[in-house]
Amino acid sequence: FFFQAEDGIRDKLVTGVQTCALPICADNAFVGVDLKLNAAHHVQLYGQLLFDEFVLKEVRSRSGWWANKYAVQMGMKYVDVLGIRNLDLQGELNLIRPFTYTHHDSLTNYTHYNQPLAHPMGANLAEAIGILRYQPHQRWTVSAKAIHWRQGRDALDSASSNVGTDIFKMNYIRSLGDFGYRIGSGIEQKGLNLQLLVSFEWKENLFLELAQQWRTVSGSALAYRSPDARILSVGLRWNIWRREYDY
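Note that this is a predicted model, so its numbers are computed, not measured. (Residues numbered from 1 in each chain as written. Predicted model: local features only at pLDDT ≥ 70, side-chain atom pairs only at ≥ 80, totals over all residues. Heavy atoms only, no water.)

1. Describing the pattern of salt bridges
Opposite charge on two side chains allows them to pair when their charged atoms are near. For the record, the criterion: Think of a salt bridge as a Lys or Arg side-chain nitrogen and an Asp or Glu carboxyl oxygen that are within 4 Å of each other. Going along the chain from the N terminus, every DSSP run of H or I of four or more residues is numbered as a helix, and every run of E of two or more is numbered as a strand. Here's how the labels work: a residue is buried when its accessible area is under 20% of the maximum for its type, exposed when over 50%, partly exposed in between, all with a 1.4 Å probe on protein chains only.
A complete count under the given rule lists ten salt bridges for this structure. Ionic pairing is found between E244 and K145, a salt bridge with its closest N-O pair at 3.3 Å. Here E244 is found in the segment after β13 (229–238), whereas its partner K145 is found in strand β10 (residues 140–153), with 99 residues between them in sequence. With its nearest N and O atoms 3.2 Å apart, the salt bridge here joins R242 to E244. Assessed through its relative accessible area of 36%, E244 is described here as partly exposed. Shared partners join several salt bridges into a network, and the residues in it are K145, E209, R237, R242, E244 and D246.

2. Let's talk about the packing of aromatic side chains
Selection rule: When the centres of two rings from Phe, Tyr and Trp lie within 6.5 Å, Trp using its six-membered ring, the rings pair. Their planes under 30 degrees apart give stacked, over 60 give edge-to-face, and anything left gives tilted.
Applying the stated criterion across every chain, the model contains seven aromatic pairs. Ring geometry for F30 and Y110: centres 4.7 Å apart, planes at 85°, overall edge-to-face. With F30 in the loop between β2 (17–18) and β3 (31–39) and Y110 in the loop between β6 (87–96) and β7 (111–112), this pair connects stretches of sequence that are 80 residues apart. Of the two residues, F30 and Y110, both sit in the buried class.

3. Looking at the nonpolar core
Here is a general trend for soluble globular proteins: nonpolar side chains tend to be buried in one another's company. Quick note on the threshold: Here, the term nonpolar core denotes a set of buried Ala, Val, Leu, Ile, Met, Phe, Trp, Tyr and Cys residues that are joined through side-chain atoms within 4.5 Å. The contact rule is simple, with two residues in contact once any of their heavy atoms fall within 4.5 Å.
Residues F30, L50, A71, I96, Y101, L125 and W149 are the most contacted members of the largest nonpolar core, which totals 14 residues. Only β9 (125–137) and β10 provide two or more residues apiece to this core. Every residue in contact with L125, bar those within four places of it in the chain, is listed here: N94, L95, I96, H119, W149, R150, Q151 and I183. Formed by five residues, the second largest nonpolar core is a distinct cluster that contains W65, A67, F99 and Y181.

4. As for the environment of P98
You can see P98 is positioned in the loop between β6 and β7. A sequence separation of 33 residues divides P98 from W65, and the C-alpha atoms of the two residues are 9.6 Å apart. The residues contacting P98, other than those within four sequence positions of it, are W66, K69, N124, V163, G164, Y181, R182 and I183.

5. Observations regarding the sheet that holds β6
Sheets are built from strands that pair by backbone hydrogen bonding, the pairs being arranged parallel or antiparallel. The cut-off we apply is this: For two strands to count as paired, DSSP must find a minimum of two bridges between them. In this description, a line fitted to the C-alpha atoms serves as the axis of each element, helices being fitted only across the stretch in contact, and the angle between N-to-C directions of two axes falls anywhere from 0 to 180 degrees.
Here we have nine strands laid out as an open sheet, ordered β3-β4-β5-β6-β9-β10-β11-β12-β13, and antiparallel in their pairing. This sheet does not close on itself; its edge strands, each paired only once, are β3 and β13. Taken over all neighbouring pairs, the strand axes of this sheet differ in orientation by 10° on average, direction set aside. Both strand β5 (residues 69–78) and β6 contribute to a ladder of eight bridges, which runs antiparallel. Bridge assignment links M76 to a residue of β6, and that residue is G91.

6. Details of the confidence of the model for the chain
For clarity, the cut-off: The quantity called pLDDT is the predictor's confidence in a given residue, expressed from 0 to 100.
In the predicted model, the chain carries a mean pLDDT of 85, and the fraction of residues at 70 or more is 85%. For the chain, per-element mean pLDDT is lowest for strand β1 (residues 13–14), which scores 38, and highest for β6, which scores 97. In the predicted structure, residues 1–24 sits below a pLDDT of 50 and forms 53 contacts with residues beyond four places in sequence or in another chain.

7. Details of the side chain of T102
We count it as follows: Between N or O atoms, a polar contact is any pair within 3.5 Å; within protein, one atom must be a potential hydrogen donor and the other a potential acceptor, and residues adjacent in sequence are included only when both atoms are from side chains.
One can find T102 in the loop between β6 and β7. By relative accessible area, which is 1% here, T102 ends up buried. Only 3.3 Å separates the side chain of T102 from the side chain of N171, close enough to count as a polar contact. Contact partners of T102, with chain neighbours within four places excluded, come to N28, D52, K69, N109, D166, I167, K169 and N171.

8. Things to note about unusual backbone geometry
For R62, which is not glycine, the phi torsion reads 55° and is therefore positive. Position of R62 relative to the elements: it lies in the loop between α1 (56–61) and β5. Look at F99: it is not a glycine, yet its phi comes out positive at around 75°. Considering the arrangement of structural elements, one finds F99 in the loop between β6 and β7.

9. Description of the environment of Y247
One can find Y247 in the segment after β13. Look at Y247 and you get partly exposed, because its relative accessible area is 39%. For the pair Y247 and M121, spaced 126 residues apart in sequence, the C-alpha separation works out to 7.9 Å. Apart from residues lying up to four places away in sequence, Y247 is in contact with H119, P120, M121, E127, I129, I147, N193 and R215.

Here it is in structure tokens:
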């Protein structure tokens, strides 16, 4: 479990789920489950489930109530695909409901030093990730990665617009009222990030790397569209993790 709370949270929790979803609530809490299953010596299934706030009746009604705030991660790792040694495959799906990680006070949302502590894009997001990695030789590694995401954005012409994407905004400001929020609500934006990497370990923990990255973003509002990017990079890395630019 992972858990964040203030004083007095014991009065707001019932069976591990926060039931208070009104602006007057003083506390903010998360309850989560982390699961992992190894199967057939080559496959690992994993996932996470986070509950911020929700009411079961509203979940069943599918009304899109704003305070049904939760996130789901599901993934699989397949080692030595089809018996090919050092050929590994990973697939992952992330779903984050609108207003997840938000609160009525900017001091109690799920952030630190003005940075989200969960997904870097905030909430109101659906994301699929695929990674293929192959090590044909002890010193050579080749990998390919694809990330596709869909997210709803706030209206550009209104400072009070809030569809639950920006977790720094107070959640008592809601563009659609209390109901009608789905993943992707607001101005829809889609993105695709592709990356190909070749890495060679020249000396122990000293890597020579060549990478090509393609990034496209599309949306129904021109101001939310970013220019397509193609980035070619050559690097020397010594005894440090490789920095990724996924978003």
